[in-house]
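This is what each chain is made of:
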Amino acid sequence: EKEKRTMAMLLSSAGPLASAVARRSMISAPRACIRAPIHSLLHSPVSKIARAVETTLARSRHAKANARGLSSSSSVPPNVDKGVAYWLLGTGGLVAGMVTIGGLTRLTKSGLSMTDWKVQGSLPPTTHDAWMVEFERYKLFPEWQQRKSMTLDEFKYIFYWEWGHRMFGRVVGVAFTGPLIYFAARGRITPQLRGRMALLFAMGGSQGLVGWWMVRSGLNEKDGGWVKEGQSREIRVSPYRLASHLCMAFSIYSLLLYTAFDVLYPKATQLSLASVPPKIAAKLPALRASAAGTAGVVFVTAMSGAFVAGNDAGCAFNTWPDMDGQFLPDAAVEGQLTPAWRNFFENTALVQFDHRMLAYSSIGAVATTYALARRGNVWAVLPMPTKVAMNGLVGMVTAQAALGISTLLMYVPIELAACHQAGSLVLLSFATLGAHSLRAVPLAAGAPIAAAAAGGAMAGGAGMVLSK
């Protein structure tokens, strides 16, 4: 009985294949074979082959895990705080909703309906008399001069859009600040995240002030009462302040997403040059540079859209691919604004032309990045987040281009214009994910690739020695 127990322990340590072969031999062999010396089984050819097979399979599993940028011991790193990550992603979703509501507020020409601003906010009027007081206050400002036919019900409609936009912003602030206090009290905000949390808190807090600064440009004659040159009393907010407000919102959204990805996908678990063959590693820095560049171009294109909106440039030159029969309209090069740089931000023809060219640049950047990801055997070693980002970029840039062209040709219907603005956020999301998923790859090939190759050779040599 003691020999049988010893045999069982040795079989379990010799590997599944050796155990199966040995047990079959024990069944068919005479009883005397069971009493044979134990070391004869451990040093038998079958046992050696079984151990070699087990070692090869283990190395294969380890190599596949490294190719995906993951540790072979665990698919989920222990330091991933999903609660913090999902909170940041949820807040980012609220910011995206806030941007979409803001776009609809602008498209319905509701942004100047509220003529004051309070940090804590306020309830809308609840009685007819209170509504009349608010309506009379609105009539004191420049926009009323071009909307004198407005009824009280029409005023209520635009008032609720602006009020809802402002109150939703406060909801976003509470959704960020409340969990932040909780996670900080529980020690779940790591030292690496503290500075970024402080920056996000400051940006979110100042966004309300930036929004009011923007609105004031359309309320105050001295501050702008923004009357665009060449048009009769076209009251609107300053396109510069509108672009600042949108840029702040997109920056907050991007930073929330990037920080959430930092928490979900720690750098130590991401694709690196040391985890792939040297020939493939040599191609990865170019892919990372292209992915980062694509994110930048997409962001700048979205910001140019703010000037298109601020100048109502989408309501002119409603043809494509030409602009009223010309590639570059005469009005774009005959701008009379001084200094000349103002034409890039206030000249309707030039503003729309710039946005078109930047949109084409975004398409080209996405195509280049996708081609770099697909060349050779690069695609096979890319982690799943990168593949999702690359495929999402191609699909979304196509949809965004179609939305932009349709919005232009149909003279900016509210539904399409709102979808086009929301689409820019989705496109930026995929671009951010793509750039983040490759952040462990250095931008310069050189020494890191050589080091990775040397490390791979040393590891391979050590493996050959151990296998012998």
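For the structure, see preceding data.
Computed from a prediction, not measured in an experiment: that's the story for all the values here.

What counts, and where the lines are drawn
Residues numbered from 1 in each chain as written. Predicted model: local features only at pLDDT ≥ 70, side-chain atom pairs only at ≥ 80, totals over all residues. Heavy atoms only, no water. Helix = DSSP H or I, 4+ residues; strand = E, 2+ residues; numbered from the N terminus. Contact = heavy atoms within 4.5 Å. Phe/Tyr/Trp six-rings, centres within 6.5 Å; stacked < 30°, edge-to-face > 60°. Buried < 20%, exposed > 50% of the residue type's maximum accessible area, 1.4 Å probe, protein only. Lys NZ or Arg CZ within 6 Å of the ring centre and 35° of its normal. Patch = residues over 30% accessible without salt bridge, like charges linked within 9 Å, V, L, I, M, F, W, Y side chains within 5 Å. Areas by Shrake-Rupley, 256 points an atom, 1.4 Å probe, with all protein chains shown as cover. Salt bridge = Lys/Arg side-chain N within 4 Å of Asp/Glu carboxyl O. Core = buried A, V, L, I, M, F, W, Y, C linked by side-chain atoms within 4.5 Å. Expected span 1.5 Å × (residues − 1).

Some points on the overall build of the protein chain
(1) Moving on: Check the secondary structure of the protein chain and you find 19 helices and 0 strands.
(2) Moving on: Considering only intrachain contacts with a sequence separation of at least 6, the fraction spanning at least 24 residues in the protein chain is 77%.

Digging into the packing of aromatic side chains
(1) Moving on: Per the stated rule, a full pass over the model turns up 21 aromatic pairs.
(2) Moving on: Taking the centre distance of 5.2 Å and the plane angle of 80° together, the rings of tryptophan 131 and phenylalanine 159 count as edge-to-face. With tryptophan 131 in helix 7 (residues 128-138) and phenylalanine 159 in helix 8 (residues 152-185), this pair connects stretches of sequence that are 28 residues apart. Judged on exposure class, the residue tryptophan 131 and its partner phenylalanine 159 are both buried.
(3) Moving on: With a centroid separation of 5.0 Å and 50° between ring planes, the pair formed by phenylalanine 307 and phenylalanine 345 is classed as tilted. Of the two residues, phenylalanine 307 sits in helix 12 (residues 284-310) while phenylalanine 345 sits in helix 14 (residues 343-346), which places them 38 residues apart along the sequence.
(4) Moving on: Of the residues examined, phenylalanine 307 reaches a relative accessible area of 14% and is grouped as buried.
(5) Moving on: Here a set of aromatic residues connected by ring pairs shows up, and it is made of Trp131, Phe135, Tyr138, Trp144, Phe155, Phe159 and Tyr160.
(6) Moving on: Above the plane of the ring of tryptophan 379 lies arginine 374, whose end atom (NZ or CZ) is 3.8 Å from the centre.

A few points about a nonpolar patch on the surface
(1) Moving on: On the surface, Trp320, Tyr360, Ile363, Leu409 and Met410 cluster together into a nonpolar patch covering about 490 Å² of accessible area.
(2) Moving on: Locating tryptophan 320 in the fold gives a position in the loop between helix 12 and helix 13 (330-333).
(3) Moving on: Residue classification places tryptophan 320 among the partly exposed residues on the basis of a relative accessible area of 40%.

Regarding the nonpolar core
(1) Moving on: Trp87, Leu88, Leu284 and Leu382 are the most contacted members of the largest nonpolar core, which totals 67 residues.
(2) Moving on: The dominant element in this core, judged by the number of residues it contributes, is helix 10 (residues 239-264), at 13 residues.
(3) Moving on: Dropping the residues within four chain positions of it, leucine 88 is found in contact with Phe176, Met197, Leu256, Thr259, Ala260 and Val263.
(4) Moving on: If you look at the next biggest cluster of nonpolar residues, it comprises 10 residues, including Trp131, Met150, Leu152 and Phe155.

A closer look at helix 8
(1) Moving on: End to end, helix 8 covers 49 Å across 34 residues, agreeing with the expected 50 Å (1.5 Å per residue, within 8%).
(2) Moving on: By the burial criterion, the buried members of helix 8 are Leu152, Phe155, Ile158, Phe159, Glu162, His165, Arg166, Val172, Phe176, Leu180 and Phe183.
(3) Moving on: Contact partners of the buried residues in helix 8: helix 6 (82-107), helix 7, helix 9 (191-219) and helix 10.

Considering the pattern of salt bridges
Where side chains of opposite charge bring their charged atoms close, a pairing between them can arise.
(1) Moving on: One pass over the structure, following the stated rule, counts 9 salt bridges.
(2) Moving on: The partner of glutamate 134 in a salt bridge is arginine 137, with the nearest N and O atoms 2.8 Å apart. Placement of both glutamate 134 and arginine 137 in helix 7 is noted, with a separation of 3 residues, approximately one turn of the helix.
(3) Moving on: Owing to a relative accessible area of 12%, glutamate 134 belongs among the buried residues under this scheme.
(4) Moving on: Arginine 137 sits in the partly exposed class, given a relative accessible area of 31%.
(5) Moving on: For the salt bridge of glutamate 162 with arginine 166, the shortest nitrogen-to-oxygen distance reads 2.8 Å. Residue glutamate 162 and its partner arginine 166 are located together in helix 8, separated by 4 residues, close to a single helical turn.
(6) Moving on: A relative accessible area of 5% means that glutamate 162 is categorised as buried.

Read these as layout, nothing more, since geometry by itself doesn't imply function.
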